[in-house]
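These are the residues of each chain, in order.
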Amino acid sequence: MTSILGISAFYHDSAAALIIDGEIISAAQEERFSRKKHDARYPYNAVQFVLNHSNLELNEIDHIIFFEKPFLKFERLLETYLAFAPKGFVSFAMSMPIWLREKLFQKQFLFDKLRQHDKNFKDINKIYFSEHHFSHAASAFYPSPFKEAVILTLDGVGEWATTTLAVGKENKITMLKEIHFPHSIGLLYSAFTYYTGFKVNGGEYKVMGLAPYGQSKYKDLILKELIDLKDDGSFRLNMKYFNYATGLTMTNDKFSDLFGKKPREPEKELLTQFHMDIAASLQAVTEEIVLKLTSSISQETKIKNLCMAGGVALNCVANGKILKKNIFENIWIQPAAGDAGGSLGAALAFWHQELGNKRKIVATGDDMKGSYLGPSFNENEIENTLNYLGAKYEKQDEENLINTIVNELQNEKVIGWFQGRMEFGPRALGARSILADPRSDKMQKKLNLKVKFRESFRPFAPSVLREDVNDWFDLNSDSPYMLIVTDVKKNIQIPMNEKDKTLFGIDKLNVTRSSIPSVTHVDYSARIQTVHKETNHKYYKLLKKFKENTGCPVLVNTSFNVRGEPIVCSVEDAYKCFMGTDIDILVCENYILFKDKQYEKFKKDNQL
Ligand SMILES: [Fe+2]
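Residues numbered from 1 in each chain as written. Predicted model: local features only at pLDDT ≥ 70, side-chain atom pairs only at ≥ 80, totals over all residues. Heavy atoms only, no water.

1. Brief notes about the overall build of the protein
Rules: In this text, helices come from DSSP runs of H or I with a minimum length of four residues, and strands from runs of E with a minimum of two, each type numbered from the N-terminal end. Burial here depends on accessible area, computed with a 1.4 Å probe over protein chains only, as a share of the maximum for the residue type. Under 20% is buried, over 50% is exposed, and the range in between is partly exposed. Contact criterion: two residues are considered in contact whenever any of their non-hydrogen atoms come within 4.5 Å of each other.
The helix and strand tally for the protein stands at 20 helices and 23 strands. Each of the 608 residues in the protein was classed as buried or not, and the buried ones make up 58%. Look at the contacts in the protein between residues 6 or more apart in sequence, and 71% of them connect residues 24 or more apart.

Pasting the structure below:
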């Protein structure tokens, strides 16, 4: 038995992953345990979780792989400083002490951190370093269902590379092309995230969500001034307008002058049509880059499968466009596409590329186990926690529970759904989710304002039974990780069940897309999760029952958290979120908790 621990840390979203004989066993982000969003510190809790999950001590692990090379990153910082000197002195002077203290001496530093788990861990030579983009590429290719694929990684920045193209074949990955810092779509996106007044490294989603409200008026200006985009999708940014290589902000005065406005001050200044147009223009440029890159590589290699990872691969609108243009026959995107997934990629890269082990390709689906790779809680643990918290609960068998919840969903109740192993990656996929009826026209507002405490423009995503996805959406393939945006069908034809066929004398019922308003964005798009019997049986059963009762195989699925907080991990996190919001019912495995039965004194306002 060979066990490999992968670790990503010290940039954003620290995480740990464990593989045993090539099989993905467990993985989780540190933020879920520490409750600090995008926690970038050494992932002590995540490492401890993957060890406990397999009953292993750290000294029993065979290899430990860190997801990037600290020396290469140091070299980038140093060379960036030299290239832009003396302009870059402020950022250089500020980042150097941190680098010298924590990052440059990373092997010893990591060794000391690892010893906190087990004082019998004595072999520093078990620690290896992968490369940032190689870790992303490995996380995208090795768990995919493809023998051969083009691998595209798009990211802010790793060591030097910001965009890489590689080919994966059996157990080998070969890098073909790289675009280097400071030329980066991720950083371009982050620069506009900063400019529109959202938080860099986290607020990028909001910019993407804002885009459909605007017109892409500034697309040509961006392509003319900010970026030199070639036909093959390669590009260079005009560094005259950016500040991130040398300063402490993302954009400079020339950038503001170009668009005629200063960056929006977060929380103070309102979002206007201007910001929506900027978001729409940026989104259009991003899509053009991604489409040019993918079509040129598809023509060059003639390979039919595409794998993607890196932060920009979470841009599900662009992903939807690649799919729609049929540039590739199949696309697979690593659900933990950001740096957290680098931990898994680093471990898989070592197993296949370094140790030369063969891949076991899963013919259907993939090797990610639905991305349900985090902690789960058994009945004893749940009961003990609920008793300790003074919660009022009842237990039902699975069938009753599903019937109860489907009825409550139809009564427009909001459900906290806590089941099985927590998801790895930024999306909630029916293990730590908040669920609601998508047919309700009040639901989007209720969820945004009273449950999630977030901007009212942000749309919600639908979960849909895999076999029904094509009846409701412009999609006829798997999208298990909610990473593809597509249109809600204009005219939805719902096949009738046998009983109704005889009753109504028709095969299909015609409805329009306004029938699921709370998951339909203003441009009629939706970010879709297909739900599969094989990977999440209970959630599948819930959707199936909901469809039986209502004819609609779709539910609103949003992550189980409030704004600014990581997704809940434990039963205690779930109970606190339930009590601090307008979630009506909490379900933990087969335990059910009604809000109106809880002690009044435990209800507290989570809205800060
Ligand atoms: Fe990355």
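2. Here we look at helix 14 (residues 379-389)
Note the threshold: It is the directions from the helix axis to the C-beta atoms that the arc portrays.
Of the positions making up helix 14, those classed as buried are Ile382, Leu386 and Leu389. Projection of helix 14 onto a plane perpendicular to its axis shows the buried side chains occupying an angular sector of 65 degrees, all on one side. Helix 14 presents Asn380, Asn384 and Tyr388 as exposed residues on the side facing more than 90 degrees away from its buried surface. Each element contacted by the buried residues of helix 14 is listed here: helix 20 (571-580), strand 22 (585-588) and strand 23 (591-594). Two residues or fewer after helix 14 comes Gly390, characterised by a positive phi angle close to 75 degrees.

3. Section: the environment of Gly425
Structurally, the position occupied by Gly425 is in the loop between strand 14 (415-418) and strand 15 (432-436). Distance from Gly425 to Gly374, taken between C-alpha atoms, is 10.0 Å for residues 51 residues apart in sequence. Residues in contact with Gly425, not counting those within four places in the same chain, are Gln29, Arg32, Pro335 and Ala336.

4. A few points about the packing of aromatic side chains
Note the threshold: Pairing of aromatic side chains here covers Phe, Tyr and the six-membered ring of Trp, requires ring centres within 6.5 Å, and sorts the geometry by plane angle: under 30 degrees stacked, over 60 edge-to-face, intermediate tilted. In our convention, an over-ring charge means Lys NZ or Arg CZ found within 6 Å of a ring centre and within 35 degrees of that ring's normal.
Overall, the coordinates contain 22 aromatic pairs when judged by the stated rule. Relative to Phe66, the ring of Phe10 has its centre 6.0 Å away and its plane inclined at 35 degrees; by these criteria the two rings are tilted. With Phe10 in the loop between strand 1 (3-8) and strand 2 (15-20) and Phe66 in strand 4 (residues 63-66), this pair connects stretches of sequence that are 56 residues apart. The burial state of Phe10 is the same as that of Phe66; both residues are buried. With 5.0 Å between their ring centres and 70 degrees between their planes, Tyr195 and Phe255 make a pair best called edge-to-face. Taken together, the residues span a long stretch of sequence, with Tyr195 in helix 7 (residues 185-195) and Phe255 in helix 10 (residues 253-259) at a distance of 60 residues. For the pair Tyr195 and Phe255, a shared accessibility class is recorded, and that class is buried. In this structure, Arg432 is placed above the aromatic ring of Phe418, and the distance from its NZ or CZ to the ring centre is 3.9 Å. Above the face of the Phe578 ring, Lys595 is positioned so that its terminal group lies 4.7 Å from the ring centre.

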